[in-house]
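# A closer look at the structure
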Amino acid sequence: MAFAKETGKQKSSSNIERVELPEKVKNSRILILGGTGRVGGSTALALSKFCPDLRIVIGGRNRDKGAEMVTKLGNNTEFSEVDINDSKSLEEALKDVDLVVHTAGPFQQAEKCTVLEAAIQNKTAYLDVCDDTTYASRAKSYMNRALDANVPAITTGGIYPGVSNVMAAELVRAAKSEGKGEPQRLRFYYYTAGSGGAGPTILSTSFLLLGRRNLPEVRSIHEVLGVPTVSARFGTAPFFWNWGMVAMTYLLPAETLRDRSKVQQLVQSFDPLVRAVDEFTGEKVSMRVDLDCSDGRSRIGVFSHKKLSKSVGISTAAFVLAILEGSTQPGVWFPEEVPQGIAIEARETLLSRAAQGTFNFVMNKAPWMVETNPKEIGFGIYDY
């Protein structure tokens, strides 16, 4: 695979290349829950560009916003009023749906996996963009039910976690295939300018994450890929947001940061300020995955986009396409689980699709080759 080699890729174009799906799935009906939000809406938009023949159902509670999305997306799009906390509403929305995409976060403090349960009951393929360890673990507990129903399901299938997991899995696979050293330490670094353009949801998620000790990709990469030490770090711009987040962990009780209703009140207070700052900082997003091996070598992957909300939509759409193409087996899986989650042979395609619109995408390079921008003179000799 090209991405398992020392290759870098930059894609400056903002256009999404059309994908030709197999005949039996090219007209699939896709329900996007949270489809009127920024993440769900951008996922719907990306899917409509990847595969115009897909029939997209925007699922949400606001008919006016739903009508706006349908008008924006045009043909092959409809709105379905649905409450994800109402089993009958979900069952009705899932009729004749081939795959449901759950983007209606935040997932923190959610007590049940109502959408996954309904998807399994209705034998509908499932994908979520969960970013919460507890929710992801609860989703995994539905494994046997999904297997019995022959339903393929992926949890944590957005940008991070999601694409970040696949990048990590490829770095680990490449290191092991070389046979010179065992993976010892893997680090995720995430950066957004302001809110990344993702709206109140990511702000709510950020506050809720302050009350958590871990991220789902940290645990799953450790357990699934067997990397002894895995960690994750966040950073943002302007720099005082970082100080503010640290201050909140000390000033606010942990119980407050775990209470969804109280966090929503915080979001309502801070959101206007965040929106104003976004005007000056931009909405870029970048993630870097570093892998250190026992022989002293390191390999990294870098993924950077001008706007988080657009990038997470493209990334989520890439997972949708992989599931439709048959890359995921029945059961509930993390993206890095093989061969059941995203098959090894499908990873390159998924990463290539997710990277569309990025201004910097690099996989499996030595850190110095990325950090110093070296120029190859010839015969494997670099000037840096």
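For clarity, every value in this text was computed on a predicted model and none was experimentally measured.

### What about the overall build of the protein chain?
In terms of helices and strands, the protein chain carries 15 helices and 15 strands. Looking at the protein chain as a whole, 55% of its 384 residues are labelled buried. The contacts in the protein chain between residues at least 6 apart in sequence include a share of 76% that link residues at least 24 apart. Put simply, the protein chain shows about 17500 Å² of open surface, and 48% of that area lies on carbon and sulfur atoms.

### Topic: the layout of surface pockets
Computed from the structure, the second largest pocket encloses a volume of approximately 270 Å³. Considering only residue class, the lining of the second largest pocket consists of eight nonpolar, four polar and four charged.

### Brief notes about empty space enclosed by the protein
Scanning the entire structure with this criterion turns up one cavity of 30 Å³ or more. If you add up the space inside the largest cavity, you get close to 50 Å³. Lining the largest cavity are Arg 18, Val 19, Glu 20, Leu 21, Lys 26, Cys 51, Pro 52 and Asp 53. Grouping the amino acids of the lining of the largest cavity by side-chain chemistry returns four nonpolar, no polar and four charged.

### Observations regarding the packing of helix H13 (residues 308–324) against helix H14 (residues 344–354)
The geometry of H13 relative to H14 is characterised by a closest axis approach of 8 Å and an angle of 150 degrees between their N-to-C directions. Between H13 and H14, the interaxial angle falls into the category roughly antiparallel. In terms of crossing hand, the pair formed by H13 and H14 is right-handed. When H13 is examined against H14, the residues Ile 314, Ser 315, Ala 318, Phe 319, Leu 321 and Ala 322 are found in contact with a partner set consisting of Leu 350, Arg 353 and Ala 354.

### Here's the deal with the side chain of Gln 356
Position of Gln 356 among the secondary structure elements: in the loop between H14 and strand E13 (360–365). Looking at Gln 356, its side chain comes within polar contact range of the main-chain nitrogen of Glu 17, at 2.7 Å.

### Re helix H2 (residues 63–73)
Burial in H2 covers these residues: Gly 66, Met 69 and Leu 73. With its buried residues spanning 60 degrees around the axis, H2 presents them on a single face. In H2, those exposed residues whose orientation departs by more than 90 degrees from the buried face are Asp 64, Glu 68, Thr 71 and Lys 72. Close packing links the buried residues of H2 with helix H1 (38–50), strand E3 (55–60) and strand E4 (77–81).

### Notes on the packing of aromatic side chains
Applying the stated criterion across every chain yields a total of six aromatic pairs. Between Phe 107 and Tyr 135, the aromatic rings sit 5.0 Å apart at their centres with planes inclined by 70 degrees, giving edge-to-face as the arrangement. Separated by 28 residues along the polypeptide, Phe 107 in the loop between strand E5 (99–102) and helix H4 (114–121) and Tyr 135 in helix H5 (residues 133–140) bring together distant segments of the chain. With respect to burial, Phe 107 and Tyr 135 carry one shared label: buried. With centroids separated by 5.9 Å and ring planes inclined at 25 degrees, the aromatic side chains of Phe 188 and Tyr 190 adopt a geometry described as stacked. Each of the two residues, Phe 188 as well as Tyr 190, counts as buried. Through a chain of ring-to-ring contacts, three or more aromatic side chains come together here, namely Tyr 160, Phe 188, Tyr 190 and Phe 234. Just above the ring of Phe 359 sits the side chain of Lys 284; from NZ or CZ to the centre is 5.3 Å.

### Concerning the confidence of the model for the protein chain
Across the protein chain, the average pLDDT comes to 86, with 87% of residues at 70 or higher. Taken as a whole, residues 1–13 scores under 50 in pLDDT and shows 45 contacts with residues more than four places along the chain or in a different chain.

### Things to note about the pairing of strand E6 (residues 125–128)
It is a general feature of regular strands that their side chains alternate between the two faces of the sheet. The alternating pattern of E6 places Ala 125 and Leu 127 on one face and Tyr 126 and Asp 128 on the opposite face, and all of these are buried. Where E5 and E6 come together, four bridges link them in parallel fashion. Its bridge partner being in E6, Val 100 is matched across the sheet by Tyr 126. In the classification by handedness, the crossover that spans E5, the intervening H4 and the parallel E6 is right-handed. Bridge analysis of E6 against strand E7 (residues 152–154) gives two bridges, and the strand direction is parallel. Within E7, the residue paired with Leu 127 across the bridge is Ile 154.

### Some points on the pattern of salt bridges
Under the definition given, this model contains 15 salt bridges. The residue Asp 295 makes a salt bridge to Arg 297 at a minimum N-O spacing of 2.5 Å. Owing to a relative accessible area of 33%, Asp 295 belongs among the partly exposed residues under this scheme. Between Arg 353 and Glu 325 there is a salt bridge whose closest N-O contact spans 2.8 Å.

### Concerning the sheet that holds strand E2 (residues 29–33)
Across the sheet, seven strands lie side by side as E4-E3-E2-E5-E6-E7-E12; this open sheet has parallel pairing. The sheet is open, and its two edges are formed by E4 and strand E12 (331–333), each paired on a single side. Between one strand axis and the next, the sheet turns by 20 degrees as a mean value, whatever way the strands run. Sheet topology note: the E3/E4 ladder contains five bridges and is parallel. In the strand pairing of E4, Gly 59 is matched with Ser 80. Against the sheet, H5 engages E5, E6 and E12, with an angle of about 155 degrees to E12. The strands that H13 touches are E2, E5, E6 and E7; relative to E6, the one it contacts most, it runs at about 160 degrees.

Criteria and cut-off values
Residues numbered from 1 in each chain as written. Predicted model: local features only at pLDDT ≥ 70, side-chain atom pairs only at ≥ 80, totals over all residues. Heavy atoms only, no water. Helix = DSSP H or I, 4+ residues; strand = E, 2+ residues; numbered from the N terminus. Buried < 20%, exposed > 50% of the residue type's maximum accessible area, 1.4 Å probe, protein only. Contact = heavy atoms within 4.5 Å. Areas by Shrake-Rupley, 256 points an atom, 1.4 Å probe, with all protein chains shown as cover. 1 Å grid on protein atoms, 1.4 Å probe; cavity = no way out; pocket = protein on both sides within 12 Å on 5 of 7 lines; lining within 4 Å. Points joined across faces, edges and corners; volume = space filled by probe spheres on them. Nonpolar A, V, L, I, M, F, W, Y, C, P; charged D, E, K, R; others polar. Axes fitted to C-alpha atoms, helices over the stretch in contact; angles between N-to-C directions. Parallel < 35°, antiparallel > 145°, perpendicular 65-115°, else oblique. Left-handed = near helix turned anticlockwise from the far one by under 90°. Polar contact = N/O pair within 3.5 Å; in protein donor to acceptor, adjacent residues only side chain to side chain. Arc of directions from axis to C-beta. Phe/Tyr/Trp six-rings, centres within 6.5 Å; stacked < 30°, edge-to-face > 60°. Lys NZ or Arg CZ within 6 Å of the ring centre and 35° of its normal. pLDDT = per-residue confidence, 0-100. Pairing = 2+ DSSP bridges. Right-handed = clockwise from strand over helix to strand, strands pointing away. Salt bridge = Lys/Arg side-chain N within 4 Å of Asp/Glu carboxyl O.

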